[in-house]
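Topology and contacts: notes
Okay, here's what each chain looks like letter by letter:
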Protein chains: 2
Amino acid sequence: MIDRLCIIGVGLIGGSLARAAKRAGICREVVGAGRNEAQLRKAVELGVIDRYSTRIAEAVAGADMVVLAVPLGAMESALRQMAAHLRPDAVVTDVGSAKGSVVAAVRAVFGAVPGNFVPGHPIAGTEKSGVEASFAELFEDRLVILTPLPQSSSDALARVRGLWEATGAEVVEMDVEHHDEVLAATSHLPHLLAFTLVDTLARMDESEEIFRYSAGGFRDFTRIASSDPVMWRDICLANREAILHVLQRFVNELGGLTDAMRAGDAEHVLALFARAKAARDRYVNNSNGKRSS
Amino acid sequence: MIDRLCIIGVGLIGGSLARAAKRAGICREVVGAGRNEAQLRKAVELGVIDRYSTRIAEAVAGADMVVLAVPLGAMESALRQMAAHLRPDAVVTDVGSAKGSVVAAVRAVFGAVPGNFVPGHPIAGTEKSGVEASFAELFEDRLVILTPLPQSSSDALARVRGLWEATGAEVVEMDVEHHDEVLAATSHLPHLLAFTLVDTLARMDESEEIFRYSAGGFRDFTRIASSDPVMWRDICLANREAILHVLQRFVNELGGLTDAMRAGDAEHVLALFARAKAARDRYVNNSNGKRSS
């Protein structure tokens, strides 16, 4: 049971977590914090949070659980504002899409990573953003990855795990580096490719026509290019090493395909496409059970 | 009104066209042709076609409208088999995703492109294939691009247009080269990127985990990688010049983004993502009217 849950950044993820925690009846009070007062007021109106402060120092005071749900680029500043005002026993976690950079920010602010800090990342979201897009069911049957550090207390880990399990999510643990590599491949690179493709086409002379003659496949493929640019800029920079690593593999494979097309090497092209289809169909079949979106 | 409609290749597109034509009551009889007799038998059972032949020469005999709905790589062979058996007044069209290669195949078989031949391309489809995936509504509110040649007869053009309009599609016309450039950008390149991404990840050591920790965005982004590999191999080779051209633009822009990430150039990254989001949101708003998938 949480007495006072403080959510820094009441957007899609922070707002959905607040809604889910309230729905599950696991916290007495939810306090929001952030820079955009209109959003925070809206969050109170919608019943997502009970009250708010635009001052993080004020918002975290007395909270026994603090969740950082701001873009990665704002993590260090938020940590710095809360550092002197946290209850000594407060458990702190975050929802950042890259974990190495958050741990580095915590280290920069606190000197060492406190035992009460447990990094986390819910694998959930939509291309929408803002508290109005939040909903209590966002994490149901989704995975939440926690990346505890050697010094993380088992008590803090259990409390963060309990929070996420109350939202209906399945919690798994892995180390920070591994998280960042896996997410670079499966989430960060696809977003970067979608943004780049849409911008490439938008800059062509015939862009109006190009978009006009696109079909449903294009809409699906580019949906993630409607995601929040600031959030994704931060992810790209925060996790750049892992992203650049997997991007290089992609570019190499794309180069091989390009060479094969130039050479009219039908077998190479077919083998690549057939492997991809088999992998994609296998992945869909495997995930049809729990996560169906 | 069509007396005998002959569809060569009764898969998703050919089957859906047959269903739509029957539903609209615009043809007396639909004859299917293809190499896979089990599929053709299934098509008769499903009521998609009235009868079939595995010999194209036989299937086209007496037909006043012939639609080629085979993969691009099979077009020339199909044309060669029908050439001596077409009714002199038969109108011939196709549904290929690239038009230059089809026109070249027609030229190779007939010497010159006959006035009764009108190339076409319905901008519709799903990642599924086969007659069992076909449905009469596939073309409703979709665009069909016809690319008539200077020698195409206005009569043949009107008949092909009438066939597609009866399916509920909107018919537009453009020239062959322009079609191939636009489709390379909006359809062929995205498919090639999705196939390449999925194969890149599938070949990594942690591929099982990578797919396990992916979310809804990845599923949408990679949906088109479940498309038919043979069809897409043929498209990649048939339209390779236009594809390689737009691919080069994409690779250049990706290189710029990579450099910006390495240099920590947050402004470059944000500007690209923001332009992409704006273009994608504009595109969705513009197409929300007629085509909503």
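**Overview of the overall build of chain A**
The helix and strand tally for chain A stands at 12 helices and 9 strands. Over its C-alpha trace chain A gives a radius of gyration of 21 Å, about what one expects of a compact globule, namely 19 Å for 293 residues. For the C-alpha atoms alone, the extent of chain A along its principal axes is close to 65 × 40 × 35 Å. The 293 residues of chain A split such that 54% are buried. When contacts within chain A are restricted to residue pairs at least 6 apart in sequence, those whose partners lie at least 24 apart make up 76%.

**Overview of the domain arrangement of chain A**
Residue and element names in this part refer to chain A. Domain annotation for chain A reports domain 1 (2-174) and domain 2 (178-287). A separation of 30 Å is found between the C-alpha centroids of domain 1 and domain 2. At the junction of the two partners, domain 1 supplies 14 residues and domain 2 supplies 16 residues. Class assignment for the residues of the side of domain 1 that touches domain 2 results in 5 nonpolar, 7 polar and 2 charged.

**Structural notes on the interface of chain A and chain B**
Listed by partner, the interface residues are 73 residues for chain A and 72 residues for chain B. By residue number, the principal contributor to the side of chain A that touches chain B is helix α7 (residues 176-202) of chain A, which donates 17 residues. The class makeup of the residues in the side of chain A that touches chain B is 45 nonpolar, 13 polar and 15 charged.

**Observations concerning the sheet that holds strand β7 (residues 120-122) of chain B**
Residues and elements named next belong to chain B. Judged by pairing direction, the sheet is mixed, and its 3 strands sit side by side in the order β7-β8-β9 without closing on themselves. Two strands in the sheet have a free side with no partner beyond their single neighbour: β7 and β9 (170-173). The sheet shows a mean angle of 20° between the axes of neighbouring strands, direction not considered. Each of β7, β8 (143-146) and β9 touches helix α6 (residues 154-166); the most contacted strand, β8, lies at about 165° to it.

**Comments concerning unusual backbone geometry**
For residues that are not glycine, phi is negative in most cases, and the peptide bond is trans in most cases. Positive phi, normally seen in glycine, also occurs at D141 of chain A, with a value near 60°. Relative to the assigned elements, D141 of chain A resides in the loop between β7 (120-122) and β8 (143-146).

**Describing the sheet that holds strand β3 (residues 51-53) of chain A**
Residues and elements named next belong to chain A. The strand order across the open sheet built from 6 strands is β3-β2-β1-β4-β5-β6, with neighbouring strands paired in parallel fashion. The strands lining the two open edges of the sheet, one partner per strand, are β3 and β6 (117-118). Against the sheet, helix α6 (residues 154-166) makes contact with β1 (2-8), β4 (65-68), β5 (91-94) and β6, and its axis sits at roughly 55° relative to β5, the strand it touches most.

**Notes on α6 of chain B**
Residue and element names in this part refer to chain B. The first and last C-alpha atoms of α6 sit 18 Å apart over 13 residues, in line with the 18 Å expected at 1.5 Å per residue. All buried positions along α6 are accounted for by A156, L157, V160, L163 and W164. The buried residues of α6 occupy one face: seen down the axis, they fall within an arc of 125°. Seen from the buried face of α6, the exposed residues on the opposite side, beyond 90 degrees, are S154, D155 and A158. Backbone geometry just downstream of α6 places G168 in the positive-phi region, at approximately 95°.

**Some remarks on the nonpolar core**
Ranked by internal contacts, the top residues of the largest apolar core, which has 204 residues, are I7, I8 and V66 of chain A together with I7, I8 and V66 of chain B. Beyond its immediate sequence surroundings of up to four residues, V66 of chain A is in contact with C6, I8, V60, M82, L86, A90 and V92 of chain A.

**What to know about the environment of G96 of chain A**
Residues and elements named next belong to chain A. Within the secondary structure, G96 sits in the loop between β5 and α5 (100-110). Here G96 falls in the buried class, since 27 other C-beta atoms lie within 10 Å of it. Sequence separation of G96 and A69 is 27 residues, and the distance between their C-alpha atoms is 6.9 Å. Not counting residues within four places of it along the chain, the set of residues in contact with G96 comprises L72, M75, V102 and H121.

**Section: the pairing of strand β5 (residues 91-94) of chain B**
All names here are of chain B. Here β5 shows two buried faces, one formed by V91 and T93 and the other by V92 and D94. Inspection of the sheet shows strand β4 (residues 65-68) paired to β5 by 4 bridges, in the parallel sense. Across the sheet, the residue bridging to L68 is D94, located in β5. In the sheet, β5 pairs with strand β6 (residues 117-118) via 2 bridges, with the strands oriented parallel.

**Quick look at the relation of the copies chain A and chain B**
Under the fitted operation, chain A is carried onto chain B by 0.0 Å of movement along the axis and a turn of 180°, and the coordinates agree to an RMSD of 0.0 Å. What the superposition gives is, in effect, a two-fold axis relating one chain to the other. Considering only C-alpha atoms, the residue of chain A closest to the rotation axis is F221 of chain A, which sits at 2.0 Å. With an isologous cut-off of 70% or more, the 99% of interface residues of chain A that recur at the interface of chain B puts this contact in the isologous class.

Cut-off values and rules
- Residues numbered from 1 in each chain as written.
- Chains lettered and ligands numbered in written order.
- Predicted model: local features only at pLDDT ≥ 70, side-chain atom pairs only at ≥ 80, totals over all residues.
- Helix = DSSP H or I, 4+ residues; strand = E, 2+ residues; numbered from the N terminus.
- Rg over C-alpha atoms; globule rule 2.2 N^0.38 Å.
- Buried ≥ 20, exposed ≤ 12 C-beta atoms within 10 Å, placed from the backbone.
- Contact = placed C-beta atoms within 7 Å.
- Domains from an automatic or database assignment.
- Nonpolar A, V, L, I, M, F, W, Y, C, P; charged D, E, K, R; others polar.
- Pairing = 2+ DSSP bridges.
- Axes fitted to C-alpha atoms, helices over the stretch in contact; angles between N-to-C directions.
- Expected span 1.5 Å × (residues − 1).
- Arc of directions from axis to C-beta.
- Core = buried A, V, L, I, M, F, W, Y, C linked by C-beta atoms within 7 Å.
- Least-squares fit on C-alpha atoms with pLDDT ≥ 70 in both.

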